[in-house]
Amino acid sequence: MPSTTQRTVVPEERPEERTGRAPGSRPDWQRRSRRRLLADRITVGTLVAYVAGLLLLLVLVPTVAMLFEPDGEAWSRLAEPRVATAAKNTVVIGVASTLSATVVGFLFAYALSRPDIRGRAVLRVMALLPLISPPFVVGLAVLLLFGRRGLITHELFGLDISLLGLGGLWLVQTLAFFPMATLTLLPTLKNIGSTLEWASRDLGWTWFQTFRRVTLPLAFPTILNALLLVGMFVITDFGNPVLIGAGYQVLSVEAYVQAVGRQDFGMAAVLCVLLFVPTLILFLIQRRVLARRSAVTVSGKTGSLPPAPLPAAVRRGLLTVLGLVSVLMILIYGSILVGSFTRAWGADWSLTLDHWQTALLRGDDIRNSALFSATAAIITTISTLVAAYVVHRTRVFGRGVMDGLAVLPSAIPGTMIGISWLLTFNEPPIALTGTALILVLVMVVRAIPVGYRTAVTTINQISPSIDEAATDLGASRARVIVQIMFPLLGGAFTTSLVFGFLHAINTLSAVIFLTSPGVGLGAPTIVNLAEFGQWGAATGVAAGLMVVSFAGLAVAKLALGSRLRLYDL
């Protein structure tokens, strides 16, 4: 008889009984996902609003306002002989100083890239000094050395001549801006493989043939980039032309004369736009060069061989030229220090502390420079890191526009920024003229391009898979930014912070239009004192400002140590 198996039927459990949820409600993980998605959108939206608002208000609005400021009558004055002369002079000095500064910068970079060159530590210091001190200090020093009462022209040789004008301006701009070419060229010259040099030697090539057929072709894109970068700084230079240009008028100084001396802001705007056109062209060409430049020619295996030694004649010639430049740089910065202790330069060489007392009387200006620059550096660093994240780690609309606006200030002459801000923020609804806030913000704008480029370079080296993995594990966008991205961007943070401080404290052309009797800065004070012939007081304030700059850099170096790589020289 077959056995029978009894089956116990268990009633099927309904879904709401298994999960404890009411019918039609979403699972907990879906609710958490929706909340996180909403929070991420709020986070990204807040960051985008901050970056877009900052760039639109501080970069785009003043630039557009400047472009529409001149009327038909102002534009018709472009045909005036004074304008034509200033434009021609700007082109002449721009081409001459750009070429000479790039050549000197290349020689310094080439020497610093060769281990068999002695005295590289001294050359490195000479290339660093103009980068961390106001560029117009060189112009002030040339007045002390080569003016009509100059130490060399008058005291040493008894000559009643002066380097004021084209010759002096060409010398000053060459010495002030060659470090930018050195900074641009050095990484490329270091990365050119030594194997190529030894191979050319094996083929029987001389040093000159190797230099002409190997080194220069590989370095050419970077040389072009250096030319464009130096050119932008040279033609927009304001401090040196106003100090030693004398009758050699250039567009940046002529715009200053029209705005401050004649209160003709329409004509000043025309001159600024006229100056903006070539700088914008150079800026666009530079961006195209950087975008197309291939690192393949210089990033391959360099091999374990040291670079081929330079011929003795080449070493001696290189050291002779760079030695003369270094001696001149030592004289320039030494004259500022000595002049601050000299009672009357060129007339009474007795020592005094009166000029340092003047600097102390102007202590509020120096203190403002330090305080405003530190504040601007913090704002710049945070803003550029956020902007780099928004542009390169999100897919929001308008990323390309924000990217362009972030680097655009490097193409806008400082004179144009200063005048455009004076016109834009002089009346309600945003009346900032005469306040400390406008000085801090204009410092931020001037420093944003370099800080942004540094942040972009660093963030592009961080694999997107890192923050994607954190997101997959449940981390919110805010948590990814704070706990992952920003710590990985530490190098960019320190570099941007220190560079932002040094750049801000040395800014002149943009802030000279925006200072007021109650809110002054060190850099405009130096120029104003020099214009009125108060050389001793000017050197005292200049020395004080340089002390603050070097002290800030020293504190940063002590605090950050090897993490601080401001200038890789």
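Residues numbered from 1 in each chain as written. Predicted model: local features only at pLDDT ≥ 70, side-chain atom pairs only at ≥ 80, totals over all residues. Heavy atoms only, no water.

**Describing the overall build of the protein**
Worth spelling out the cut-off: Each helix is a run of DSSP H or I of at least 4 residues and each strand a run of E of at least 2, with the numbering of both proceeding from the N terminus. Should any heavy atoms of two residues lie within 4.5 Å, those residues are counted as being in contact. His is not counted, nor are the chain ends, whereas Lys and Arg count as positive and Asp and Glu as negative. Where a charge lies is defined by one atom per residue type, namely NZ (Lys), CZ (Arg), CG (Asp) and CD (Glu).
When you go through the protein residue by residue, the secondary structure sums to 25 helices and two strands. Overall, the protein is about 140 × 70 × 50 Å in size when its C-alpha atoms are taken along their principal axes. Long-range contacts, defined here as pairs at least 24 residues apart, represent 80% of the contacts in the protein between residues at least 6 apart. Here the protein contributes 45 positive and 29 negative side-chain charges, whose respective centroids are spaced 10 Å apart.

**Quick look at the nonpolar core**
Filter applied, for reference: Only buried Ala, Val, Leu, Ile, Met, Phe, Trp, Tyr and Cys residues count toward a nonpolar core, and they belong to the same one when joined by side-chain atoms within 4.5 Å. Buried means the residue's accessible area, taken with a 1.4 Å probe over protein chains only, is under 20% of the maximum for its type, while exposed means over 50%, and partly exposed covers the values in between.
Ranked by internal contacts, the top residues of the largest apolar core, which has 170 residues, are Phe108, Ile336, Ile419 and Trp421. With 13 residues, the single largest contributor to this core is helix H20 (residues 436-460). For Trp421, the residues in contact, after removing those within four places along its chain, are Leu58, Pro62, Asn426, Ile438, Leu441, Val442, Val445 and Leu514.

**Topic: the pattern of salt bridges**
Convention followed: For salt bridges, the criterion is a side-chain nitrogen of Lys or Arg within 4 Å of an Asp or Glu carboxyl oxygen.
Overall, the coordinates contain eight salt bridges when judged by the stated rule. The salt bridge partner of Glu80 is Arg77, with a shortest N-O separation of 3.1 Å. A relative accessible area of 16% places Arg77 in the buried class. Between Arg367 and Asp364 there is a salt bridge whose closest N-O contact spans 3.6 Å. Taken together, the residues span about one helical turn, with Arg367 and Asp364 both in helix H17 (residues 363-393) at a distance of three residues. Three or more residues are tied together by salt bridges with common partners; here these are Arg77, Glu80 and Asp264.

**Notes on the packing of aromatic side chains**
Definition in use: Whether two aromatic rings pair depends on their centres lying within 6.5 Å, for rings of Phe, Tyr and Trp, where Trp uses its six-membered ring; planes under 30 degrees apart make the pair stacked, over 60 edge-to-face, and the rest tilted.
This model, assessed by the stated rule, comprises eleven aromatic pairs. Their ring planes at 10 degrees and their centres at 6.1 Å tell us that Phe106 and Tyr110 sit as a pair that is stacked. Of the two residues, Phe106 and Tyr110 are both situated in helix H4 (residues 81-112); the distance of four residues between them amounts to about one turn of the helix. The class for Phe106 is buried, based on a relative accessible area of 12%. Ring centres of Phe106 and Phe211 lie 6.0 Å apart, and the angle between their planes is 75 degrees; on these two criteria the pair is classed as edge-to-face. Separated by 105 residues along the polypeptide, Phe106 in helix H4 and Phe211 in helix H10 (residues 207-235) bring together distant segments of the chain. Comparing Phe106 with Phe211 shows no difference in burial state: the two are buried. Taken together, the ring pairs in this structure connect Phe106, Tyr110, Trp207 and Phe211 into an aromatic cluster.

**Section: the pairing of strand E2 (residues 348-351)**
The two faces of the sheet receive side chains in turn, since in a regular strand these alternate between them. Definition in use: The pairing criterion is simple: DSSP has to find at least two bridges between the two strands.
With two bridges connecting them, strand E1 (residues 342-344) and E2 associate as antiparallel partners. Paired with Ala344 across the strands is Asp348, a residue of E2. Remark: three residues form the turn of the hairpin made by E1 and E2, two consecutive strands paired antiparallel; Gly346 in that turn has positive phi of roughly 85 degrees.

**Description of helix H19 (residues 414-424)**
The element H19 is largely enclosed, with a buried count of nine among its eleven residues. The complete set of buried residues in H19 reads Gly414, Thr415, Met416, Ile417, Gly418, Ile419, Ser420, Trp421 and Leu422.

**Observations regarding unusual backbone geometry**
Note that the residue after Pro428, namely Pro429, is joined by a cis bond; omega there is 15 degrees. By secondary structure assignment, the location of Pro429 is in the loop between H19 and H20.

**Thoughts on the packing of helix H23 (residues 490-505) against helix H25 (residues 535-560)**
Put simply, the rule reads: Axis definition: a line fit to C-alpha positions, over the contact stretch in the case of helices; interaxial angles, taken between N-to-C directions, run 0 to 180 degrees. An angle counts as roughly parallel when it lies under 35 degrees, as roughly antiparallel when it exceeds 145, as roughly perpendicular when it falls between 65 and 115, and as oblique in every other case. Just so you know the grouping, Ala, Val, Leu, Ile, Met, Phe, Trp, Tyr, Cys and Pro go in nonpolar, Asp, Glu, Lys and Arg go in charged, and all remaining residues, Gly too, go in polar.
Closest axis-to-axis distance for the H23/H25 pair is 10 Å, and the angle between their directions is 175 degrees. As far as their axial angle goes, H25 and H23 are roughly antiparallel. Residue-level inspection shows Thr494, Val498, Phe501, Leu502 and Ile505 of H23 in contact with H25, the latter providing Leu545, Val548, Ser549, Gly552, Leu553, Ala556 and Leu560. Residues belonging to the contact of H23 with H25 are distributed by class as follows: nine nonpolar, three polar and no charged.

**Points about the side chain of Arg393**
Of note, Arg393 is situated in helix H17. Here Arg393 falls in the buried class, since its relative accessible area comes to 12%. With residues up to four places along the chain from it excluded, the contact list for Arg393 reads Ala388, Ile459, Ile462, Ser463, Pro464, Asp467, Arg477 and Met485.

**Regarding helix H22 (residues 477-488)**
Defined as follows: To estimate how far a helix should extend, the number of its residues minus one is multiplied by 1.5 Å. Directions drawn from the helix axis to the C-beta atoms are what define this arc.
Relative to the 16 Å expected for twelve residues at 1.5 Å per residue, H22 spans 15 Å between its end C-alpha atoms, a close match to the ideal helical length. Taken together, the buried positions of H22 are Val480, Ile481 and Met485. Buried residues in H22, looked at end-on, bunch into an arc of 95 degrees, giving them a common side. For H22, the exposed residues lying more than 90 degrees away from the buried face are Val482, Gln483 and Pro487.

**Side note on the side chain of Thr507**
Operational definition: We define a polar contact as two N or O atoms separated by no more than 3.5 Å, with the added condition that, inside protein, one atom must be a possible hydrogen donor and the other a possible acceptor, whereas residues neighbouring each other in sequence contribute only through side-chain atom pairs.
Within the element layout of this structure, Thr507 appears in the loop between H23 and helix H24 (522-531). Within polar-contact distance, the side chain of Thr507 engages the backbone oxygen of His503 at 2.7 Å. Each residue touching Thr507, except ones within four places of it in the same chain, is listed here: Arg446 and Ala523.

**A word on a nonpolar patch on the surface**
Definition in use: Note that patches include only residues with greater than 30% relative accessible area and no salt bridge, and the join distances are 9 Å for like charges and 5 Å for nonpolar side chains (Val, Leu, Ile, Met, Phe, Trp, Tyr). Only the protein chains shown count as covering a residue, and every accessible area follows the Shrake-Rupley method with a 1.4 Å probe.
A grouping of Leu56, Leu60, Val64, Leu67 and Phe68 is seen on the molecular surface, where their side chains present a nonpolar patch of about 440 Å² in accessible area. As for its placement among the helices and strands, Leu67 is situated in helix H2 (residues 28-67).

**Comments concerning the environment of Ala431**
With respect to the helices and strands, Ala431 occurs in the loop between H19 and H20. Since its relative accessible area comes to 47%, Ala431 is described here as partly exposed. In this structure the C-alpha to C-alpha distance between Ala431 and Thr102, which are 329 residues apart in sequence, comes to 42 Å. In this structure Ala431 touches Phe425 and Asn426, once residues within four positions along its chain are discounted.

**Considering the confidence of the model for the protein**
Note: predicted coordinates in regions of low pLDDT should not be interpreted at a detailed level. What counts, and what does not: For every residue, the pLDDT score states the predictor's confidence, bounded by 0 at the bottom and 100 at the top.
The share of residues in the protein with pLDDT of 70 or more is 90%, and the mean pLDDT across the chain is 84. Summarising per-element confidence for the protein, the mean pLDDT is lowest in helix H14 (residues 296-299) (40) and highest in H4 (94). In this model, residues 1-6 is a region of pLDDT below 50 whose contacts with residues beyond four sequence positions or in other chains number zero contacts. Every residue in residues 294-303 is under pLDDT 50, and counting partners more than four places away or in other chains gives ten contacts.

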